[in-house]
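# A structural walkthrough
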Amino acid sequence: MYAVVKTGGKQYRVSEGDRLKVETIKAEAGSDVTLDEVLMVGSGESVNVGAPLVANASVSAKVLSHGRGAKVKIIKFRRRKHHRKQAGHRQNYTELQITGINAG
């Protein structure tokens, strides 16, 4: 069984036991969270697509850790103009492990 969930403005295809990094969720490490925005649930050949959400469906997950991603460098350069700007960014994330899918 798999599901497509939406969290942090992004969509993820998840199955039970998967580990994924999502946008920061305000929950303690080791606690359980429920993702309610389920867009699709599938099991073999049967697929249940929501309009836009699947009714009474949810995905439960365990928060493993919080962290920061790798640094992304942003460089703006104008040739022949003696102009160069450089910056960096590290995005925060929450690592989740999917513990169950409730099809509703």
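Above this text sits the structure in question.
Everything in this summary refers to the structure shown in the same document. (Residues numbered from 1 in each chain as written. Predicted model: local features only at pLDDT ≥ 70, side-chain atom pairs only at ≥ 80, totals over all residues. Heavy atoms only, no water.)

## Let's talk about the pattern of salt bridges
For the structure on display, the rule yields three salt bridges. Linking Lys 10 and Glu 23 is a salt bridge whose minimum nitrogen-to-oxygen distance equals 2.6 Å. With Lys 10 in strand β2 (residues 10–15) and Glu 23 in the loop between β3 (19–22) and β4 (32–35), the pair connects residues that are 13 residues apart, well separated along the chain. Take Lys 10: its relative accessible area is 38%, and that puts it in the partly exposed class. A salt bridge links Glu 95 to Arg 19, with the shortest nitrogen-to-oxygen separation between them at 3.2 Å. (Salt bridge = Lys/Arg side-chain N within 4 Å of Asp/Glu carboxyl O. Helix = DSSP H or I, 4+ residues; strand = E, 2+ residues; numbered from the N terminus. Buried < 20%, exposed > 50% of the residue type's maximum accessible area, 1.4 Å probe, protein only.)

## A look at the sheet that holds strand β5 (residues 38–43)
One open sheet accounts for four strands, arranged β2-β1-β5-β6; its pairing is antiparallel. Looking at strand neighbours, the two that pair on one side only are β2 and β6 (46–49), the edges of this open sheet. Adjacent strand axes in the sheet meet at a mean angle of 15 degrees, parallel and antiparallel pairs treated alike. Pairing geometry for β5 and β6, over four bridges, is antiparallel. (Pairing = 2+ DSSP bridges. Axes fitted to C-alpha atoms, helices over the stretch in contact; angles between N-to-C directions.)

## A word on the sheet that holds strand β7 (residues 58–68)
With respect to topology, four strands assemble into an open sheet ordered β3-β10-β7-β4, the strand pairing being antiparallel. With one partner strand each, in any of the chains shown, β3 and β4 form the two edges of the open sheet. Each strand axis lies, on average, 40 degrees off the axis of its neighbour in the sheet, ignoring direction. Both β3 and strand β10 (residues 92–102) contribute to a ladder of four bridges, which runs antiparallel. Residue pairing across strands places Lys 21 opposite Glu 95, the latter belonging to β10.

## Notes on the nonpolar core
Val 14, Val 59 and Leu 96 are the most contacted members of the largest nonpolar core, which has 20 residues in total. Those elements that place two or more of their residues in this core are β1 (2–7), β2, β3, β4, β5, β7 and β10. What Val 59 contacts, discounting residues up to four positions off in sequence, is Ala 3, Val 5, Val 14, Val 33, Thr 34, Leu 35, Val 38, Ile 98, Gly 100 and Ile 101. (Core = buried A, V, L, I, M, F, W, Y, C linked by side-chain atoms within 4.5 Å. Contact = heavy atoms within 4.5 Å.)

## Things to note about the packing of aromatic side chains
When we look at a pair of aromatic rings, we describe it by the centre distance and by the angle of the planes. Counting across every chain of the model gives zero aromatic pairs. It is Arg 13 that lies over the ring of Tyr 2; its NZ or CZ is 4.0 Å from the centre. (Phe/Tyr/Trp six-rings, centres within 6.5 Å; stacked < 30°, edge-to-face > 60°. Lys NZ or Arg CZ within 6 Å of the ring centre and 35° of its normal.)

## Quick notes on the side chain of Ser 58
Turning to its location among the elements, Ser 58 is positioned in strand β7. Given the relative accessible area of 17%, Ser 58 is considered buried. Apart from residues lying up to four places away in sequence, Ser 58 is in contact with Thr 34, Leu 35, Asp 36, Val 38, Gly 100, Ile 101 and Asn 102.

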